[in-house]
Amino acid sequence: MSDSRPSGAHSPPDARSPGAASAAASMAVSPDSRLDRGLARLSRGAALAAGYGALLLSALITFEVLARKFFAFSLQGVDEIGGYVLAIGVAFSFAFALTQRAHTRVDVLLTRLPPRLRALLNLVALVLLCVFSLFMLWRAGATLGETLEFSSLASTPLQTPLWIPQSLWLIGLSVFAIVTLRAAVRAGVQLARGQIGALNAGCDPLSADDELDEARRHYVAAEAATPGHSADGQIAGREKTP
């Protein structure tokens, strides 16, 4: 019998073949990957906003100092604005610090434990951090609710409506809570599936070698992004120099 399919048609891959299994696996994890990438971009954007806020605050403080020194003039409120920027900036940076494994951890004994026990402790640490982030979010929401109920103003010369900084503070804590919840769920799934290496690789504190490798990657990326410069070429050139 002749094959009735067109010559350019391809037969569907065998579900039992390695290629089909790999494709099915990639399709299965793609929603989680998109979620993780989205949360990483969100946390990085929040951290950048906090950084630009600190930069603007620095400019404002510089202007305040020069104005007081040379013109006997004061904006009357820079210290208050500085407190708001600090609180909001810290809240906006929590999530990015978590994705970069930059939160302070005491790892004197952790790195010497067996991988499975270390994975369990990493999961416990993430769960506790998630509970704490949700607690902060709850209390921040309650504080904002009271502020809106009583239309509270700051008892300062600026008379700032407190719902403005508290709303931004709540947004930063919300991002942190979402990222910690996702990290805890992911770690729990990895432990249940026996993916001990992947869990520890994503949750272990950064070692000195890890930080050095990250600094090298940032250096190479920065040099490659510079027009007319190549980090590999410069390194090779230094090696050839007698």
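Just so it is clear, the model here is predicted, and its values are computed rather than measured. Chains are numbered independently. Their residues run from 1 in the order of the written sequence. Given that the model is predicted, a residue must reach a pLDDT of at least 70 before its local features are reported, and side-chain atom pairs must reach 80 or more before they are shown or counted; all residues, however, enter totals for whole chains, interfaces and linings. Excluded from the side-chain calculation are hydrogens and water; included are all heavy atoms of the structure.

**Structural notes on the UniProt feature "transmembrane region" (unreviewed entry) in the protein chain**
Quick note on the threshold: UniProt positions are given in the numbering used here, feature names are shortened, and annotations may be inferred rather than shown by experiment. Only DSSP runs of H or I reaching four residues or more are called helices, and only runs of E reaching two or more are called strands; each is numbered from the N terminus.
Here, the residues flagged by UniProt with the feature "transmembrane region" (unreviewed entry) are residues 42–61, 81–99, 120–142 and 162–185. Along residues 42–61 the backbone is 100% helical and 0% strand, and the end-to-end C-alpha distance reaches 29 Å. Between the C-alpha atoms that bound residues 162–185 there is a distance of 34 Å. The span itself is 96% helix and 0% strand.

**Comments concerning the packing of aromatic side chains**
Short version of the rule: Pairing of aromatic rings covers Phe, Tyr and Trp, the last counted by its six-membered ring, and requires centre-to-centre distances within 6.5 Å; plane angles under 30 degrees mean stacked, over 60 mean edge-to-face, and any other angle means tilted. For the exposure calls, accessible area comes from a 1.4 Å probe over protein chains only, and a residue counts as buried if that area is under 20% of its type's maximum, exposed if over 50%, partly exposed in between.
Following the criterion strictly, the structure yields two aromatic pairs and no others. Ring plane angle 45 degrees and centroid distance 5.1 Å describe the contact between Phe 94 and Phe 176, whose orientation is recorded as tilted. Here the residue Phe 94 occupies a position in helix α2 (residues 78–99), and Phe 176 occupies one in helix α4 (residues 163–192), the gap between them amounting to 82 residues. According to the relative accessible area criterion, Phe 94 is partly exposed, its value standing at 23%. Ring centres of Phe 135 and Trp 138 lie 5.8 Å apart, and the angle between their planes is 65 degrees; on these two criteria the pair is classed as edge-to-face. In this pair, Phe 135 and Trp 138 both sit in helix α3 (residues 115–150), three residues apart, roughly one turn of the helix.

**Regarding unusual backbone geometry**
For Ala 72, which is not a glycine, the phi torsion comes out positive at approximately 50 degrees. Among the structural elements, Ala 72 can be located in the loop between α1 (18–71) and α2. Under the relative-accessibility criterion, Ala 72 is labelled exposed at 74%. Unusually for a residue other than glycine, Gln 76 sits at a positive phi of about 55 degrees.

**Section: the confidence of the model for the protein chain**
The condition that has to hold: pLDDT: the predictor's confidence for each residue, scored from 0 to 100. Two residues qualify as a contact provided that any one of their heavy atoms is within 4.5 Å of a heavy atom in the partner residue.
Taken over all residues, the pLDDT of the protein chain has a mean of 83, while the share at 70 or more is 81%. The low-confidence segment residues 1–29, where pLDDT is below 50, has four contacts with residues more than four positions distant or belonging to other chains. With pLDDT under 50 throughout, residues 231–242 is counted as low confidence; its partners more than four residues away or in other chains account for six contacts.

**Here we look at the packing of α3 against helix α5 (residues 196–203)**
Quick note on the threshold: Note on method: axes are straight lines fitted to C-alpha atoms, helices fitted across the in-contact stretch only, with angles between N-to-C directions ranging 0 to 180 degrees. These descriptions rest on fixed angle ranges, namely under 35 degrees for roughly parallel, over 145 for roughly antiparallel, 65 to 115 for roughly perpendicular, and the rest for oblique. Here is the rule for handedness: rotate from the far helix to the near one, and if that takes an anticlockwise turn smaller than a right angle the crossing is left-handed, while a clockwise turn gives right-handed. Side-chain classes follow a simple rule in which Ala, Val, Leu, Ile, Met, Phe, Trp, Tyr, Cys and Pro form the nonpolar group, Asp, Glu, Lys and Arg form the charged group, and the remainder, Gly included, forms the polar group.
Direction vectors running N to C along α3 and α5 enclose 50 degrees, while the axes themselves pass 9 Å from each other. If you check the angle between α3 and α5, you find them oblique. Crossing of α3 against α5: the hand is left-handed. Each of Pro 115, Arg 116, Arg 118, Ala 119, Asn 122 and Leu 126 in α3 lies in contact with α5, whose residues at this interface are Ile 196, Leu 199, Asn 200 and Cys 203. Grouping the amino acids of the contact of α3 with α5 by side-chain chemistry returns six nonpolar, two polar and two charged.

**Comments concerning the pattern of salt bridges**
Heads up, the rule is: A side-chain nitrogen of Lys or Arg and a carboxyl oxygen of Asp or Glu constitute a salt bridge if their distance falls within 4 Å.
All chains considered together, the criterion is met by four salt bridges. Measuring nitrogen to oxygen at the nearest pair gives 2.8 Å for the salt bridge that ties Arg 182 to Asp 36. Of the two residues, Arg 182 sits in helix α4 while Asp 36 sits in helix α1, which places them 146 residues apart along the sequence. A residue is classified by how much of its surface remains accessible, and Arg 182, at 14% relative accessible area, is buried. Ionic pairing is found between Asp 204 and Arg 118, a salt bridge with its closest N-O pair at 3.0 Å. Taken together, the residues span a long stretch of sequence, with Asp 204 in the loop between α5 and α6 (208–225) and Arg 118 in helix α3 at a distance of 86 residues. Since its relative accessible area comes to 15%, Arg 118 is described here as buried. It is possible to trace a salt-bridge network through shared partners that takes in Asp 36, Arg 182 and Arg 186.

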